Amino acid sequence: MAFFNSILLISLGLIGEYIYRIYNEVRNRPYTIIEKTINV
């Protein structure tokens, strides 16, 4: 039981690290302003 719980916690930690890195990438991007729209 402890073995499976440790695997679960490790996998949750890896997923959390992945989400944190995505969040940092998105947060550091500059805001863009759309000046006009073009009908495509």
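Each chain carries its own residue numbering, running from 1 in the direction its sequence is written. Predicted model: local features are reported for residues with pLDDT of at least 70 only, side-chain atom pairs are reported and counted for 80 or more only, and whole-chain, interface and lining totals are derived from all residues. Calculated side-chain values reflect all of the structure's heavy atoms, with hydrogen atoms and water omitted.

A.B. asks: I'm lost on the packing of aromatic side chains in this one. Help?
C.D. replies: What characterises a pair of aromatic rings is the spacing of the ring centres plus the angle enclosed by the ring planes. Note on aromatic pairs: the rings of Phe, Tyr and Trp (six-membered ring only in Trp) are paired at centre separations within 6.5 Å, and the planes decide the class, stacked below 30 degrees, edge-to-face beyond 60, tilted for the rest. Considering all chains together, one arrives at one aromatic pair under this definition. A ring pair is formed by Phe 3 and Phe 4, whose centres lie 5.6 Å apart and whose planes are at 70°; its orientation type is edge-to-face. When accessible area is computed with a 1.4 Å probe and restricted to protein chains, residues below 20% of their type maximum are described as buried, those above 50% as exposed, and intermediate ones as partly exposed. Exposure remark for Phe 4: the relative accessible area of 60% places this residue in the exposed category.

A.B. asks: Is there a simple way to think about the pattern of salt bridges in this case?
C.D. replies: Side chains bearing opposite charge may pair, as long as their charged atoms lie close to each other. Here a salt bridge means any side-chain nitrogen of Lys or Arg lying within 4 Å of a carboxyl oxygen belonging to Asp or Glu. The full count for this structure, using the stated rule, is one salt bridge. In this structure, Arg 21 and Glu 17 form a salt bridge, with 3.1 Å as the shortest nitrogen-oxygen distance. Placement of the pair is Arg 21 and Glu 17 together in helix α1 (residues 2-27), with a separation of four residues, close to one helical turn. Looking at Arg 21, the relative accessible area reads 55%, which means it is exposed. Per the convention used, a helix needs a DSSP run of H or I reaching at least four residues, while a strand needs a run of E reaching at least two, with both numbered from the N terminus.

A.B. asks: Explain a nonpolar patch on the surface here, please?
C.D. replies: Think of a patch as exposed residues, more than 30% relative accessible area, with no salt bridge, where like charges cluster within 9 Å and nonpolar side chains (Val, Leu, Ile, Met, Phe, Trp, Tyr) cluster within 5 Å. Each accessible area value is a Shrake-Rupley result obtained with a 1.4 Å probe; residue values ignore everything except the protein chains displayed when judging cover. A contiguous nonpolar surface patch, about 830 Å² in accessible area, is contributed by Leu 8, Leu 9, Leu 12, Ile 15, Tyr 18, Ile 19, Ile 22 and Val 26. Along the chain, the position of Leu 9 falls in helix α1.

A.B. asks: Could you clarify how one ought to interpret the environment of Ser 11 in this entry?
C.D. replies: The topology assignment puts Ser 11 in helix α1. For the pair Ser 11 and Glu 35, spaced 24 residues apart in sequence, the C-alpha to C-alpha distance is 44 Å.

By themselves, these observations are geometric and do not establish any function.
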